[in-house]
Amino acid sequence: SEDFFNKAPNEVYQSVFELVSIYPNPVVTNELRLTIDSDWDIAQYEIIDINGRLMNVGQVERFNPTITMNSITNGLYVLMVKVAGQEQAIKFTIKR
């Protein structure tokens with residue numbers, strides 16, 4: 001069997017980072033929804049702006065995987081999600 005460290009970088013990227021997807025992107029309302037391909041109950045998240053500032057932190061639950069964007073202005077952001085022992089970074093834009 002193939003060891004994690006013997007995989008090509010793109011194989012490691014795909015195996016780890018297909019866990020979470022978001023929609024809509026760009027965000028045009030006040031809500032960002034997560035789809036998580038894992039057995040989970042709670043996911044933790046951070047929203048970071050392009051200058052590295054932490055804009056929001058919280059958690060979402062399986063029955064309502066929605067992040068409210070009321071206090072975040074238009075721009076480019078990174079959503080850091082930690083779920084099921086894994087972390088993922090996803091770029092997204094807010095355009096209202």
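Residues numbered from 1 in each chain as written. Predicted model: local features only at pLDDT ≥ 70, side-chain atom pairs only at ≥ 80, totals over all residues. Heavy atoms only, no water.

As for the overall build of the chain
Part 1 of the reasoning: Broken down by element type, the chain carries one helix and seven strands.
Part 2 of the reasoning: Helices and strands appear in the chain in the N-to-C order α-β-β-β-β-β-β-β.
Part 3 of the reasoning: Burial status across the chain gives 28% buried among its 96 residues.
Part 4 of the reasoning: Considering only intrachain contacts with a sequence separation of at least 6, the fraction spanning at least 24 residues in the chain is 48%.
Part 5 of the reasoning: Put simply, the chain shows about 6,300 Å² of open surface, and 49% of that area lies on carbon and sulfur atoms. (Helix = DSSP H or I, 4+ residues; strand = E, 2+ residues; numbered from the N terminus. Buried < 20%, exposed > 50% of the residue type's maximum accessible area, 1.4 Å probe, protein only. Contact = heavy atoms within 4.5 Å. Areas by Shrake-Rupley, 256 points an atom, 1.4 Å probe, with all protein chains shown as cover.)

Structural notes on the sheet that holds strand β1 (residues 20-23)
Part 1 of the reasoning: Reading across from one edge, β1-β2-β5 is the order of the three strands in this open sheet, with antiparallel pairing throughout. Across the chains shown, the open sheet's two edge strands, defined by having one partner strand only, are β1 and β5 (66-68). Going across the sheet, the axis of each strand differs from the next one's by a mean of 25 degrees, ignoring polarity. (Pairing = 2+ DSSP bridges. Axes fitted to C-alpha atoms, helices over the stretch in contact; angles between N-to-C directions.)

Brief notes about the environment of Pro-24
Part 1 of the reasoning: Mapped onto the elements, Pro-24 comes out in the loop between β1 and β2 (31-36).
Part 2 of the reasoning: Between the C-alpha atom of Pro-24 and that of Leu-34, which follows or precedes it by 10 residues, the distance is 9.3 Å.
Part 3 of the reasoning: The contact partners of Pro-24, leaving out residues within four places of it in the chain, are Glu-31 and Leu-32.

Things to note about unusual backbone geometry
Part 1 of the reasoning: The amide bond that connects Tyr-23 to the next residue, Pro-24, takes the cis arrangement and shows omega of -10 degrees.
Part 2 of the reasoning: Its identity as a non-glycine residue notwithstanding, Ala-84 has a phi of 50 degrees, on the positive side.
Part 3 of the reasoning: With respect to the secondary-structure elements, Ala-84 resides in the loop between β6 (75-83) and β7 (86-94).

Considerations on the packing of aromatic side chains
Part 1 of the reasoning: For the structure shown, the criterion picks out one aromatic pair.
Part 2 of the reasoning: Ring centres of Tyr-77 and Phe-92 lie 5.7 Å apart, and the angle between their planes is 25 degrees; on these two criteria the pair is classed as stacked. With a gap of 15 residues between them, Tyr-77 in strand β6 and Phe-92 in strand β7 connect regions that are remote in the sequence. Just as Tyr-77 is buried, Phe-92 falls in that class too. (Phe/Tyr/Trp six-rings, centres within 6.5 Å; stacked < 30°, edge-to-face > 60°.)

Notes on the confidence of the model for the chain
Part 1 of the reasoning: This prediction gives the chain a mean pLDDT of 84; 81% of its residues lie at or above 70.
Part 2 of the reasoning: This stretch, residues 7-16, has a pLDDT under 50; its non-local contacts, to residues over four places away or in other chains, come to seven contacts. (pLDDT = per-residue confidence, 0-100.)

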